[in-house]
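If you want the building blocks of each chain, they are given just below.
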Amino acid sequence: MPFAKAPTGRSVLALYLSSILLLAALLGAIIHGALTTASTTNLTNQFLPMWHALFLAISAVNIVTINYSPPQSLVNRILFFGDLTYLGVITIGYFICWVAWGVARQWDAFAWCTIDVLAGASAVAFLVLRSIEARKRVSDGTASDESKGNANYGSTENGHMKRCLGCLGCLNWTLKVLHLVVVALLCNGSITQALARRFPAPGTRVQITMTDSRITNLHYLCTGPVNSPVPTIWIIADHAHGVVDFYGLQHYLSSNRTAFRRVCTYDNPGFGWSDDYLPDTMDSLLYLDALIVASGERVPIVLVAWGGGGTMVTSYASAHPEKVVGIAFVEVYEPGIEFNIVKVKNNWTNAQTDNYRITGMNGRAFMANIILGLAIPWGLISIFVPASPVDPGYWPEDKWTEFRAQSWTSKMWIPQYWGIRYMATNPPASDPLFTLLPFPPHSPTRNITFSAIYCSKPDNLVCSDPSDANCASMRFDNKLYIQSKKDVAKRAVGPGGVVNVVENYDADCALSMPVHLPEWTARAVLDTLGGVQR
């Protein structure tokens, strides 16, 4: 698609505008890349702005390659209106993304999309103005042969050149169709992110001040009697879980009239209705203590740790023993247990096991990047997190969609990625469950009451058919997991210490007990820690 031989002021303006947009896309991408790699933990989805930077560059190219000639012939009219439709559709697509990213509060993508909308609208305006200008020049008799339509869109007497330009034209339109498809996918992705944010916060967003004076906001939900005479229960999980996971457990704990308990849950930074982690501050312990102080809830407290939450609860009790009177480990097992099982099965050395762990963690990090770079921007997250019917044990059922929606968002997968990276570079032996337990003999932490609640499924429920080729392996894995949970509980109280244990032997017990067996888990917590007083 050649330029007119004598470009007018608008031609020069188009060239200048295109150059500015192209430079903005390039510099923006470089600056964005520098900012997101300067921090050891970049807590944004860096792929979203990069997609929009690419589109800005495409818009810059569009402005200087639009047809400058009047659509006099049928072919030129088809190509002209094809260009107009293409530019109009992508501009509308950019606008949809702009609105959706605003609703989703993805401000970096929103800012880039703002420029994309302006660039797309500029390309449409230039196409229309060029057509009007070219038509006027034809009527004035000042147009060149190319701009009169005699050689529009690459017409030439040279057959080889004509075929070459025809191939380039086909490639041009193929790329435009691909561009339209990707814009449509990004619209789908931005709308999905916006829909995931449509649920109102069930609790309170409170401003907390970190130890370095930085300010952020966390979301928490407390239920039960405010004036309860017994310690408040705080339920703690790792950074990929929050309030929506514990609706049921919180309900059954706080609604128990005999227990008379006040119960609090919260969203870790980067999850639910809390703000993202602050740059270079992914120590959840700092956020938890600041939240408990800002919430105004009474201390001392009882901590219920689920799964990966055992690490943070152990750290919190060690740092603030005066604030904790009871701890319940629910399905808390030794860090790295899945790799230790492989080590035992294969009789590996520590070095072999470390290599296996690092390779596995790097593979998970790669998959997390695929989710952040393609699945979330394109709205294909359901491929990785499929829609599923309501879990029979989840309470309340009408909150199930809200629960599932949390795993659709960038803000949930970003800390997941960095958590995986951390596990790849730090051996399990460095985890507080190993380094801080047992607590020192004369430490105030030894006055904390401990309990352990875990699944202890018997062999016949793990595998009902012993002839199954995988049966022996499944039973072996199960035994090691159970032993790991027992070892954590024993290590918590130290030699001679007492830990209250409740085991679940049912077929449906699993790691997710607090989510799909909330009533049973609540009873177990109250049975083991119900007598803990101030």
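Being a predicted model, the structure only gives us computed values, none of them experimental.

Enquirer: Looking at this structure, I do not really get the overall build of the protein. What am I missing?
Expert: Tallying secondary structure elements over the protein gives 18 helices and eight strands in all. Here the protein holds 534 residues, and 49% of them are scored as buried. For the protein, restricting intrachain contacts to residue pairs at least 6 apart in sequence, the fraction spanning at least 24 positions comes to 79%. For the protein, the accessible surface area stands at approximately 24,500 Å², while carbon and sulfur atoms represent 63% of it.

Enquirer: Help me understand the packing of aromatic side chains in this model?
Expert: Two measures describe an aromatic ring pair: the distance that separates the ring centres and the angle between the ring planes. Within the structure shown, the criterion is met by 19 aromatic pairs. Taking the centre distance of 5.9 Å and the plane angle of 70 degrees together, the rings of F329 and F450 count as edge-to-face. Of this pair, F329 sits in strand β6 (residues 324-330) while F450 sits in strand β7 (residues 449-455); the two residues are 121 residues apart in sequence, bridging distant segments of the chain. For F450, a relative accessible area of 4% translates into the label buried. An aromatic cluster is present here, built from F95, W98, W107 and F110 joined pairwise through their rings.

Enquirer: Looking at this structure, I do not really get the sheet that holds strand β4 (residues 263-266). What am I missing?
Expert: Strand pairing in a sheet relies on backbone hydrogen bonds. The paired strands run either parallel or antiparallel. Pairing within the open sheet is mixed, and its eight strands lie in the order β1-β2-β4-β3-β5-β6-β7-β8. Each end of this open sheet is capped by a strand with a single partner; those strands are β1 (204-209) and β8 (499-504). Each neighbouring strand pair of the sheet contributes to a mean axis angle of 25 degrees, computed without reference to strand direction. Relative to β8, β7 is paired through six bridges, and the arrangement is parallel. Bridging from a neighbouring strand, A452 pairs with V501 of β8. Across the sheet, helix α7 (residues 284-295) is in contact with β1, β2 (215-223), β3 (232-236), β4 and β5 (301-306); its angle to β1 comes to roughly 115 degrees.

Enquirer: Please explain the pattern of salt bridges as it appears in this structure.
Expert: It is possible for side chains of opposite charge to pair when their charged atoms get near one another. Tallied over the entire structure, the rule returns 12 salt bridges. We note a salt bridge from D83 to K176, for which the minimum N-O separation is 2.4 Å. With a gap of 93 residues between them, D83 in helix α3 (residues 74-104) and K176 in helix α5 (residues 159-196) connect regions that are remote in the sequence. Look at D83 and you get buried, because its relative accessible area is 2%. Given the relative accessible area of 6%, K176 is considered buried. In this structure, R491 and E334 form a salt bridge, with 2.7 Å as the shortest nitrogen-oxygen distance. With a gap of 157 residues between them, R491 in helix α16 (residues 471-493) and E334 in the loop between β6 and α9 (337-346) connect regions that are remote in the sequence. As far as burial versus exposure is concerned, R491 and E334 are alike and both buried.

Enquirer: Got a minute to help me understand the pairing of β3 in this structure?
Expert: Within β3, five of the five residues are buried, which leaves the element mostly enclosed by the surrounding structure. Covered by surrounding structure in β3 are T232, W234 and I236 together with I233 and I235, the residues of both alternating faces. When β3 meets β4, the two strands line up parallel, connected through two bridges. Note on β4: the bridge partner recorded for W234 is C264.

Enquirer: Could you clarify how one ought to interpret the state of the cysteines in this entry?
Expert: Should the sulfur atoms of two cysteines be covalently bonded, the bond is a disulfide. Per the stated rule, a full pass over the model turns up three disulfides. Across the disulfide, C455 is cross-linked to C509 (sulfur-sulfur distance 2.0 Å). Of the two residues, C455 sits in strand β7 while C509 sits in the loop between β8 and α17 (513-516), which places them 54 residues apart along the sequence. Note on C509: relative accessible area 2%, which makes it buried. Taken in sequence order, the bonded cysteines of the protein link in the pattern 1-2, 3-6, 4-5. C113 takes part in no disulfide bond, and the closest cysteine sulfur to it belongs to C97, at a distance of 4.7 Å. Between C187, a cysteine without a disulfide, and C97, which holds the nearest cysteine sulfur, the sulfur-to-sulfur distance is 3.7 Å.

Enquirer: Would you explain the side chain of K457 in this entry?
Expert: Residue placement: K457 occurs in the loop between β7 and α15 (459-462). Of the side chains with opposite charge, D508 comes closest to the buried, unpaired K457, at an N-O distance of 7.4 Å. Among the polar contacts listed, one links the side chain of K457 to the backbone oxygen of C509, at a separation of 3.3 Å.

Enquirer: Could you clarify how one ought to interpret α7 in this entry?
Expert: Since there are 3.6 residues in each turn of an α-helix, residues three or four apart along the chain are aligned in direction. If you check α7, its first and last C-alpha atoms are 16 Å apart, about what 12 residues at 1.5 Å a residue would give, namely 16 Å. Most of α7 is tucked away, with nine of its 12 residues classed as buried. In this structure, the buried side of α7 is in contact with β1, β2, β3, β4, β5 and α8 (309-319). Where α7 terminates, the next one or two residues include G296, which has phi positive at roughly 80 degrees.

Enquirer: How should the nonpolar core be read in this particular structure?
Expert: The tendency in soluble globular proteins is for nonpolar side chains to be buried as a group. Grouped together as the largest cluster of nonpolar side chains are 56 residues, with contacts concentrated most on I233, I235, L253 and W413. No other element matches helix α13 (residues 410-425), which puts seven residues into this core. Apart from the residues lying within four places of it in its own chain, the contact partners of W413 are I371, L372, I376, I381, V385 and S407. Counting residues in each nonpolar core, the second largest holds 37 residues, with M210, A305, L433 and L437 among its members.

Enquirer: What exactly am I supposed to notice about the packing of α9 against α16 here?
Expert: Working note: a packed helix pair is described by the angle between its axes plus the distance between those axes. Two elements in contact, α9 and α16, have axes separated by 10 Å at closest approach and are oriented at 130 degrees. One element, α9, and the other, α16, form an angle in the oblique class. Note on packing geometry: the crossing formed by α9 with α16 is right-handed. Two secondary-structure elements touch here, α9 through I337, E338, I341, V344 and K345 and α16 through S473, F476, D477, L480, Y481 and S484. Of the residues belonging to the contact of α9 with α16, the class tally is six nonpolar, two polar and three charged.

Enquirer: I tried to follow the environment of A104 on my own but got confused; where do I start?
Expert: Along the chain, A104 falls in helix α3. For A104, a relative accessible area of 4% translates into the label buried. The sequence separation of A104 and L195 amounts to 91 residues, and the corresponding C-alpha distance is 7.7 Å. Setting aside its immediate chain neighbours within four residues, A104 contacts Q193, A194 and R197.

Cut-off values and rules
Residues numbered from 1 in each chain as written. Predicted model: local features only at pLDDT ≥ 70, side-chain atom pairs only at ≥ 80, totals over all residues. Heavy atoms only, no water. Helix = DSSP H or I, 4+ residues; strand = E, 2+ residues; numbered from the N terminus. Buried < 20%, exposed > 50% of the residue type's maximum accessible area, 1.4 Å probe, protein only. Contact = heavy atoms within 4.5 Å. Areas by Shrake-Rupley, 256 points an atom, 1.4 Å probe, with all protein chains shown as cover. Phe/Tyr/Trp six-rings, centres within 6.5 Å; stacked < 30°, edge-to-face > 60°. Pairing = 2+ DSSP bridges. Axes fitted to C-alpha atoms, helices over the stretch in contact; angles between N-to-C directions. Salt bridge = Lys/Arg side-chain N within 4 Å of Asp/Glu carboxyl O. Disulfide = S-S within 2.5 Å. Lys, Arg positive; Asp, Glu negative; His and termini not counted. Polar contact = N/O pair within 3.5 Å; in protein donor to acceptor, adjacent residues only side chain to side chain. Expected span 1.5 Å × (residues − 1). Core = buried A, V, L, I, M, F, W, Y, C linked by side-chain atoms within 4.5 Å. Parallel < 35°, antiparallel > 145°, perpendicular 65-115°, else oblique. Left-handed = near helix turned anticlockwise from the far one by under 90°. Nonpolar A, V, L, I, M, F, W, Y, C, P; charged D, E, K, R; others polar.

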